[in-house]
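Below are the chains, spelled out letter by letter.
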Amino acid sequence: FPNKPMALIKGKPMIQRVWEQAIFSSVGDVIVACSEKEVYNLITSLNGKAELTDPDLPSGTDRVYAAIQKNSNINQYNSIINLQGDMPNLDPNNIKLLDSLMRKSKCGIGTLATKIQNKEELKNTNIVKVETFEYLNYSNFLKTKDFFRKTISVNTKNIYHHVGIYAFTKNVLSKYVKLNRTKNEIERKLEQMRAIDNNIEIKVALSKSFPLGIDTEEDFLLIKKSMEYKS
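Residues numbered from 1 in each chain as written. Predicted model: local features only at pLDDT ≥ 70, side-chain atom pairs only at ≥ 80, totals over all residues. Heavy atoms only, no water.

The next thing to look at is the pairing of strand S3 (residues 31-34). Within a regular strand, the side chains alternate between the two sheet faces. The two faces of S3 differ: Val 32 and Cys 34 on one face are buried, but Ile 31 and Ala 33 on the other face are not. Pairing analysis gives four bridges linking S3 to strand S4 (residues 49-52), with the strands arranged parallel. Within the sheet, the bridge partner assigned to Val 32 lies in S4 and is Ala 50. In terms of handedness, the path from S3 via helix H2 (residues 37-45) over to S4 forms a crossover that is right-handed. (Buried < 20%, exposed > 50% of the residue type's maximum accessible area, 1.4 Å probe, protein only. Helix = DSSP H or I, 4+ residues; strand = E, 2+ residues; numbered from the N terminus. Pairing = 2+ DSSP bridges. Right-handed = clockwise from strand over helix to strand, strands pointing away.)

Shown next, in the form of structure tokens:
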């Protein structure tokens, strides 16, 4: 999907919509980490903070860390929340929820998930799944067991649709970016496996809203239509 961050939804580029949702959450500073000059120019023209980073960095998390290092001192933050730039319908309340849970919990990494809607989601390899050891509900924050695209577990009871939002403590983020990419991270194309494979605990909470990531032009057209219809 060429030039995905700048794809227009109701007249605004997708990355602008994600940036606005982050600001609406009011949990802290918002910095757009990007490798495209066009994205950088857009955000700075809106008086936002943006940092150009190396396009060859191995993951979005590495890009976030690089942007923080260029923009400010990581020690001034209690935690860092990594949002994906392709979730224009992200609810600011999801950001607030994860921020609140990270402040209360002692885990190093936190993320969100939603309930699986149908069998097609389980089969769709564009959709990342997260598996927990116990049943996830709207009042707990549980340790994750695994992340995958292709459903490999015969027990689907504790499998959920992963939402691409991560919160890191500053110490764990600094540790994470110094680790080598693991076999699972490379083969599954899932950066969170670097943490799992190095015994860094990730906890997950259940979200009531359903922000969708955009992996293909078909995904984009579906979300674009939905957002335009709601307006």
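Resuming the write-up.
On to the packing of helix H1 (residues 14-25) against helix H4 (residues 92-104). Interaxial distance between H1 and H4 falls to 8 Å at its minimum, and their mutual angle equals 50°. Here H1 is positioned oblique relative to H4, judged by the angle of their axes. The two elements H1 and H4 cross, and the hand of that crossing is right-handed. Facing Gln 21, Ala 22, Phe 24 and Ser 25 of H1, the residues of H4 in contact are Pro 92, Ile 95 and Lys 96. Here the residues of the contact of H1 with H4 are counted per class, giving four nonpolar, two polar and one charged. (Axes fitted to C-alpha atoms, helices over the stretch in contact; angles between N-to-C directions. Parallel < 35°, antiparallel > 145°, perpendicular 65-115°, else oblique. Left-handed = near helix turned anticlockwise from the far one by under 90°. Contact = heavy atoms within 4.5 Å. Nonpolar A, V, L, I, M, F, W, Y, C, P; charged D, E, K, R; others polar.)

Across all of its chains, the model carries one cavity of 30 Å³ or more by this definition. What lines the largest cavity is simply Thr 61, Ile 109, Tyr 166, Phe 168, Tyr 176, Glu 191, Gln 192, Ala 195 and Ile 202. Within the residue set of the lining of the largest cavity, elements represented by two or more residues are strand S9 (159-169) and helix H8 (192-197). Within the lining of the largest cavity, the residues separate by chemical class into six nonpolar, two polar and one charged. (1 Å grid on protein atoms, 1.4 Å probe; cavity = no way out; pocket = protein on both sides within 12 Å on 5 of 7 lines; lining within 4 Å. Points joined across faces, edges and corners; volume = space filled by probe spheres on them.)

This brings us to the environment of Asn 89. Note on placement: Asn 89 falls in the loop between strand S5 (79-83) and H4. Looking at Asn 89, the relative accessible area reads 27%, which means it is partly exposed. Separated by 137 residues in the primary sequence, Asn 89 and Ser 226 have C-alpha atoms spaced 9.6 Å apart.

On to the packing of aromatic side chains, then. Geometrically, a pair of aromatic rings is defined through the distance of the ring centres and the angle of the planes. Per the stated rule, a full pass over the model turns up two aromatic pairs. One cation-aromatic arrangement involves Lys 208 over Tyr 138; the distance from NZ or CZ to the ring centre is 5.6 Å. (Phe/Tyr/Trp six-rings, centres within 6.5 Å; stacked < 30°, edge-to-face > 60°. Lys NZ or Arg CZ within 6 Å of the ring centre and 35° of its normal.)

On to the pattern of salt bridges. This structure, assessed with the given rule, holds eight salt bridges. A salt bridge links Asp 99 to Arg 103; the shortest N-O distance between them is 3.0 Å. Here Asp 99 and its partner Arg 103 are both found in helix H4, four residues apart, which amounts to about one turn of the helix. On the basis of relative accessible area, Arg 103 is assigned to the exposed category, the value being 54%. (Salt bridge = Lys/Arg side-chain N within 4 Å of Asp/Glu carboxyl O.)

Spatial relationships are all this shows, so hold off on functional conclusions.
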